[in-house]
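# Coordinate analysis (summary)
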Amino acid sequence: MTVAIDDDLWSAVGDPTRRRMLDLLLSGGAGTATSLSEQLPVTRQAVAKHLGVLDRVGLVHATPYGREKRYEVDDEQFGRAVDQLAAVGAAWDARLNRIKRIAESIQRAQDSNTGNETDNGKR
Amino acid sequence: MEYASIEREIHVQASPEVVFEVVSQEQHLKEWWPDDATLASATPGTTGELIWGDEDDPRAHVEAMTVVESDPPRRFVFRWTHAADEQAAPGNSLLVTFELTPSAGGTLLRMTETGFREMGWEAAVLEQAYQEHVEGWDHFIPRLGAYADRLVSSR
């Protein structure tokens, strides 16, 4: 359906610098390439490039701001990225719960088998 | 490029030997993960399949898996989501690591999945769609189990 978009969205948030930029934009409300580069150990040019990636997948919106652009996080698209990560986590939670259930029932079966016999001294 | 990862841990009231079998053997794999699975052995290099489907198409969605490391009953590591004709490697697949540690008469099972990128993402989202219809039960049955454990231990 929208898998291609999801891939791009995921690679966009997969980069640690871009995640820190999103953090800064979420806590600060909005920012420009200049204001963000002042808070990060990367150049303004690098920040502008990262902002371009985030903009292309719709994670941020730009509005003209003097000679620069002012960026804000798109709540809806950001929520989508968070939901998708949560979905993968939930899938693993379900799998691990099934592993637990299966292993515990095997263990119970083994314990009740050995419990019916006399201790053979192995343990 | 940094890959994202997911980490989970769960306590299992069973020995590491039993838990290792459940995470690494074909007949158990298909009980906790896909609809069907093939994995001839847990030996490193062995390649198998994780299969999801329905009545119309029992192989609607098939993913390859390759065992990377097997150290019973401590570690089981595999890759999945690589194309069937490709050798599993960083960059074309997700890496799943199970670590088993004896704990409180049972096992602490740690799972880490790393390597989300284009392909892995797609596989994970698709699989989620296939799994959704069973999630309800998966959610409640373990809770019942935990409840039973508490009942037993409070006596």
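Before reading further, recall that the structure is shown in the block above.
None of the values given here were measured: they were computed from a predicted structure.

## Let's talk about the overall build of chain B
- Summing up its helical and strand segments, chain B has three helices and seven strands in all.
- Secondary structure elements of chain B, listed N to C terminal, follow the sequence β-α-α-β-β-β-β-β-β-α.
- The buried share of chain B, taken over its 155 residues, is 34%.

## A few points about the overall build of chain A
- Counting its regular elements, chain A contains five helices and two strands.
- If you list the helices and strands of chain A from N to C, you get α-α-α-α-β-β-α.
- Out of the 123 residues in chain A, the part that is buried amounts to 27%.

## Let's talk about helix H4 (residues 44-56) of chain A
All names here are of chain A.
- An ideal rise of 1.5 Å per residue puts 18 Å on 13 residues; H4 measures up with 18 Å between its terminal C-alpha atoms.
- By the burial criterion, the buried members of H4 are Val47, His50, Leu51 and Leu54. Seen from one end, H4 has its buried residues packed into an arc of 105°, which puts them on one side. Counted as exposed and oriented over 90 degrees from the buried face of H4: Gln45 and Arg56.
- Phi turns positive one or two residues past the end of H4, at glycine 58, with a value near 80°.

## Points about unusual backbone geometry
Residues and elements named next belong to chain B.
- Cis geometry is found at the peptide bond from proline 72 to proline 73, where omega equals -5°.
- Here proline 73 lies in the loop between strand E4 (61-71) and strand E5 (75-80).
- Phi is positive for threonine 81, close to 80°, though the residue is something other than glycine.
- Note that threonine 81 resides in the loop between E5 and strand E6 (94-103).
- You can call threonine 81 buried: it has 24 C-beta atoms within 10 Å.
- Notably, alanine 104 is not glycine yet its phi reads approximately 45°, a positive angle.
- In this fold, alanine 104 is placed in the loop between E6 and strand E7 (106-116).

## A short note on the nonpolar core
- With 31 residues, the main nonpolar core has Ile99 and Ala103 of chain A together with Val19 and Leu109 of chain B as its most contacted residues.
- Of all the secondary-structure elements, those providing two or more residues to this core are helix H5 (75-116) of chain A together with helix H1 (16-24), helix H2 (26-32), E4, E5, E6 and E7 of chain B.
- Discounting residues that sit within four places of it in the chain, leucine 109 of chain B has contacts with Leu96 and Ile99 of chain A together with Glu9, Ile10, Val12, Val19, Phe98 and Leu100 of chain B.
- Counting 15 residues, the second largest nonpolar core, distinct from the first, contains Leu9, Leu36, Val57 and Leu59 of chain A.

## Here we look at the pairing of E5 of chain B
Residues and elements named next belong to chain B.
- Here six bridges tie E4 to E5, and the two strands are oriented antiparallel to one another. Considered in E5, the bridge of methionine 65 is made with tryptophan 80.
- Connecting E4 to the next strand, E5, in antiparallel fashion are three residues.

What counts as what
- Residues numbered from 1 in each chain as written.
- Chains lettered and ligands numbered in written order.
- Predicted model: local features only at pLDDT ≥ 70, side-chain atom pairs only at ≥ 80, totals over all residues.
- Helix = DSSP H or I, 4+ residues; strand = E, 2+ residues; numbered from the N terminus.
- Buried ≥ 20, exposed ≤ 12 C-beta atoms within 10 Å, placed from the backbone.
- Expected span 1.5 Å × (residues − 1).
- Arc of directions from axis to C-beta.
- Core = buried A, V, L, I, M, F, W, Y, C linked by C-beta atoms within 7 Å.
- Contact = placed C-beta atoms within 7 Å.
- Pairing = 2+ DSSP bridges.

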